[in-house]
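Report on the structure
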Amino acid sequence: MQALTFDSASGTIYAGAVNGGGLWKSADQGTSWTKLLSDSVFAVAVDPANSLHLLVSDFGQFLLQ
């Protein structure tokens, strides 16, 4: 994993991995994971003003929303 963030509003964990590892989310404290994107993920953050906004950057430093 390259990036990890926690959404305190929903209790969701987001994890990003490079080399095509993708973006993953867990809504059950890491017991199970769902893959959201297949791209390499360099950084991930939850918007503190609106937890429905997830900000993700790929290795080319493009912002994916």
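Just above, that's the structure.
Residues numbered from 1 in each chain as written. Predicted model: local features only at pLDDT ≥ 70, side-chain atom pairs only at ≥ 80, totals over all residues. Heavy atoms only, no water.

**A short note on the nonpolar core**
This is how the line gets drawn: Residues enter a nonpolar core if they are buried and are Ala, Val, Leu, Ile, Met, Phe, Trp, Tyr or Cys, with the set joined through side-chain atoms within 4.5 Å. Burial classification: accessible surface area is computed with a 1.4 Å probe over protein chains only, and a residue below 20% of its type maximum counts as buried, one above 50% as exposed, and the rest as partly exposed. Contact between two residues is taken to exist if any of their heavy atoms lie within 4.5 Å; hydrogens are not considered.
Counting 8 residues, the largest nonpolar core consists of Ala3, Tyr14, Leu23, Val41, Val44, Val46, Leu54 and Val56. Excluding residues within four positions of it along the chain, Ala3 makes contact with Tyr14, Ala15, Gly16, Phe42, Ala43 and Val44.

**What to know about the pairing of strand β1 (residues 3–7)**
Walk down a regular strand and you will see the side chains alternate between the two sheet faces. Definition in use: To qualify as a helix, a DSSP run of H or I must reach at least 4 residues; to qualify as a strand, a run of E must reach at least 2; elements of each kind are numbered from the N terminus. DSSP calls a pair of strands paired once it identifies at least 2 bridges connecting them.
Only one face of β1 is covered, namely the face carrying Ala3, Thr5 and Asp7; the face carrying Leu4 and Phe6 is uncovered. Summarising the sheet, β1 and strand β2 (residues 12–17) pair through 5 bridges and their orientation is antiparallel. Residue pairing for β2: Ala3 is matched across the bridge by Gly16. Counted along the chain from β1 to the antiparallel partner β2, the turn is 4 residues long, and its residue Gly11 has a positive phi close to 80 degrees.

**Quick notes on the sheet that holds β1**
Two strands in a sheet stick together by hydrogen bonds in their backbones, pointing the same way (parallel) or opposite ways (antiparallel). Going by this rule: Here, axes are lines fitted to C-alpha atoms. For helices the fit covers the stretch in contact, and angles between N-to-C directions go from 0 to 180 degrees.
Reading across from one edge, β1-β2-β3-β4 is the order of the 4 strands in this open sheet, with antiparallel pairing throughout. Looking at strand neighbours, the two that pair on one side only are β1 and β4 (34–37), the edges of this open sheet. Between one strand axis and the next, the sheet turns by 25 degrees as a mean value, whatever way the strands run. As defined by bridge partners, β2 adjoins strand β3 (residues 22–26) across 5 bridges and the pair is classed as antiparallel. Bridging from a neighbouring strand, Ile13 pairs with Ser26 of β3.

**Thoughts on the environment of Ser8**
Within the element layout of this structure, Ser8 appears in the loop between β1 and β2. Distance in space between the C-alpha atoms of Ser8 and Ser51 is 8.5 Å, their sequence separation being 43 residues.

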